[in-house]
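Listed below are the residues making up each chain.
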Amino acid sequence: MSVTEPPGPVMDRDEVDRALARLDAEHEAIETSLLALQDHAGRRLLEGAALTGVTQERWTATERRITLLWTYFDAYAGALRAAHDVRARRRWPSRDDLAELTELLRGESVTVAGGSASGPARLTERFTLEELVARMNDLYAHSLDMVVAADAVWSALPARIDLLAAELARTRQLAHSVGVRPGEHPAGDDLERITRALTALREQVISDPLAFWQRAEGSSAPGGGRAHTDRYDREARALEEVRREIDAVLTVRQDAEARLGRLRDVLSRADRTLAEARSARGEVLAKIAASEVPAVSGPPTALQEQLAMASDYRRNAQWHRLSPLLESLEEKAEDELLRARESLTAVTAPLAVRAELRGRLDAYKAKVARHGHAEDPLLVERYDAARRMLWSAPCDLRVAEQAVLRYQQAAAEVLAPRVPQQGGTADRRGEA
């Protein structure tokens, strides 16, 4: 190697020794990093996996980088040994030794046979030791970034997918037990779709992990980023929705008999109330005259048919069909009971009016008797007239109410205080 024209000023002995120490430290650090990369779990997985997509493309390029790294490292180690050999010739190196060491340590002293991580390969490349270190650092960073990213995805997603798949299997078993099956219930179809989606997701994560890697913006560190889990999260949410629906069906299975019993009781009370209303209507028509009495409908046959259908669903464990039917029936049954009660109230209203008139007539009679006017001829006459109307059938409520009002007016006049008149006292009613 010619030493006649060293690059820049010739280094002195101290400069040479410091440069060799620094280069030795870099050699050790690079060797340690390369060995760690060689043993990295992600690298071993990449070597053994059947890769596809973007991961396959990047791993092919990364393998070339790693091969070139070792080539560069061997050339670097050889150049460093050559420099140490020159330095070891004598304790106090001559000027020629220092010139040669300057060329080795600062010049383009390292020749590497053809090889390129990307682009067309060259026959040879020449580097200074510092250039070679920079090139190795760059190749190492790119290689480690790819390995760490793939390993991070493999560490994060497959285990989570497996846990979700186990939960999916338990949910499918539970769904089957309550009659939620594909083709028979939407939740059953959802479970089938989630199963297919998780299977495809796991296969893609294993074969193409970098398709699920999201690099952190502004980060230059190897492996800076995270595994994006959008597809996994979407399926996890879908499974949670199915679980809630199946829980609702399970609740129906546990409470079905009690709810059916309550439904039968409510509809039975509605039927009895309607029967009472029909009976009361006949009584009203017989006892009350000149009164419009509303018709009473029959029992709701449609609700009875739906109740029978709900019982069939329970016997056949068709809980997914029973659940919405029970909710609908419970609302309709309460409405039917309310309608029956309103019908009874409307039908019996004339009897209530008659009872109120009877009570008012007797109350005034008792009040008159307390004041010593029970034998008043006018009151006796008007009382008897009102009583005959109220206790006769059919009773004309409008006429009877007028008779009660006349009795009330007469009683009020009798009970009113007497007013002294000029020439003596007189009854407010006057002398008959």
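Notes on the structure follow. (Residues numbered from 1 in each chain as written. Predicted model: local features only at pLDDT ≥ 70, side-chain atom pairs only at ≥ 80, totals over all residues. Heavy atoms only, no water.)

Helix and strand counts for the protein come out as eleven helices and eight strands. Considering only C-alpha atoms, the protein reaches an extent of 165 × 65 × 30 Å along its principal axes. If you take every contact in the protein between residues at least 6 apart in sequence, the share linking residues at least 24 apart comes to 73%. For the protein, the accessible surface area stands at approximately 24000 Å², while carbon and sulfur atoms represent 50% of it. Charge centroids of the protein, computed over 61 positive and 69 negative side chains, lie 8 Å from each other. (Helix = DSSP H or I, 4+ residues; strand = E, 2+ residues; numbered from the N terminus. Contact = heavy atoms within 4.5 Å. Areas by Shrake-Rupley, 256 points an atom, 1.4 Å probe, with all protein chains shown as cover. Lys, Arg positive; Asp, Glu negative; His and termini not counted. Charge placed at Lys NZ, Arg CZ, Asp CG, Glu CD.)

Attention shifts here to the packing of helix α9 (residues 319-370) against helix α11 (residues 397-415). The description of two helices packed together rests on the angle between their axes and the distance between the axes. Closest axis-to-axis distance for the α9/α11 pair is 10 Å, and the angle between their directions is 20 degrees. Relative to α11, α9 is oriented roughly parallel. The crossing of α9 and α11 is left-handed. Only Leu-397, Glu-401, Val-404, Leu-405, Tyr-407, Gln-408, Ala-411 and Leu-415 of α11 make contact with α9, whose side of the interface consists of Pro-350, Val-353, Arg-354, Leu-357, Arg-360, Leu-361, Tyr-364, Lys-365, Lys-367 and Val-368. Of the residues contributing to the contact of α9 with α11, the split by class is twelve nonpolar, one polar and five charged. (Axes fitted to C-alpha atoms, helices over the stretch in contact; angles between N-to-C directions. Parallel < 35°, antiparallel > 145°, perpendicular 65-115°, else oblique. Left-handed = near helix turned anticlockwise from the far one by under 90°. Nonpolar A, V, L, I, M, F, W, Y, C, P; charged D, E, K, R; others polar.)

What follows deals with the packing of aromatic side chains. What the rule picks out here adds up to three aromatic pairs. When the ring of Tyr-72 is compared with that of Phe-127, the centres are 5.4 Å apart and the planes differ by 70 degrees; the resulting orientation is edge-to-face. Here Tyr-72 is found in helix α3 (residues 53-87), whereas its partner Phe-127 is found in strand β2 (residues 124-127), with 55 residues between them in sequence. When sorted by exposure, Tyr-72 lands in the same class as Phe-127, which is buried. Sitting over the face of the ring of Trp-391, Arg-358 holds its NZ or CZ atom 4.4 Å from the ring centroid. Taking the ring centre of Trp-391 as reference, the NZ or CZ of Arg-387 above it sits at 4.4 Å. (Phe/Tyr/Trp six-rings, centres within 6.5 Å; stacked < 30°, edge-to-face > 60°. Buried < 20%, exposed > 50% of the residue type's maximum accessible area, 1.4 Å probe, protein only. Lys NZ or Arg CZ within 6 Å of the ring centre and 35° of its normal.)

With that settled, the discussion passes to the environment of Tyr-232. Secondary-structure assignment places Tyr-232 in helix α7 (residues 230-287). Judged by its relative accessible area of 11%, Tyr-232 falls in the buried class. Placed 162 residues apart in sequence, Tyr-232 and Pro-394 show a C-alpha to C-alpha distance of 80 Å. Ignoring sequence-local partners within four residues, the contact set of Tyr-232 consists of Leu-157, Arg-160, Ile-161, Leu-164 and Leu-201.

Let's shift gears to the pattern of salt bridges. Applying the stated criterion to the full structure yields 25 salt bridges. With a closest N to O distance of 3.9 Å, Arg-135 and Glu-125 form a salt bridge. Of this pair, Arg-135 sits in helix α5 (residues 129-177) while Glu-125 sits in strand β2; the two residues are ten residues apart in sequence, bridging distant segments of the chain. Judged by relative accessible area, which is 8%, Glu-125 ranks as buried. Arg-170 is the partner of Glu-167 in a salt bridge, and the nearest nitrogen-oxygen pair spans 2.6 Å. Placement of the pair is Glu-167 and Arg-170 together in helix α5, with a separation of three residues, close to one helical turn. Assessed through its relative accessible area of 22%, Glu-167 is described here as partly exposed. (Salt bridge = Lys/Arg side-chain N within 4 Å of Asp/Glu carboxyl O.)

In this section: the nonpolar core. Soluble, globular proteins show a tendency: their nonpolar side chains are buried together. Within the largest apolar cluster, 81 residues are counted, with the highest numbers of intra-cluster contacts made by Leu-46, Val-205 and Leu-322. Of all the secondary-structure elements, those providing two or more residues to this core are α3, α5, α6 (186-207), α7, α8 (301-315), α9, α10 (377-390) and α11. Considering each element in turn, this core owes the most residues, 18 residues, to α7. With sequence-adjacent residues up to four places away left out, Val-205 is seen in contact with Val-153, Trp-154, Leu-157, Pro-158, Ile-161 and Phe-212. Ala-19, Leu-34, Leu-104 and Leu-132 belong to the second largest nonpolar core, which has 29 residues in total. (Core = buried A, V, L, I, M, F, W, Y, C linked by side-chain atoms within 4.5 Å.)

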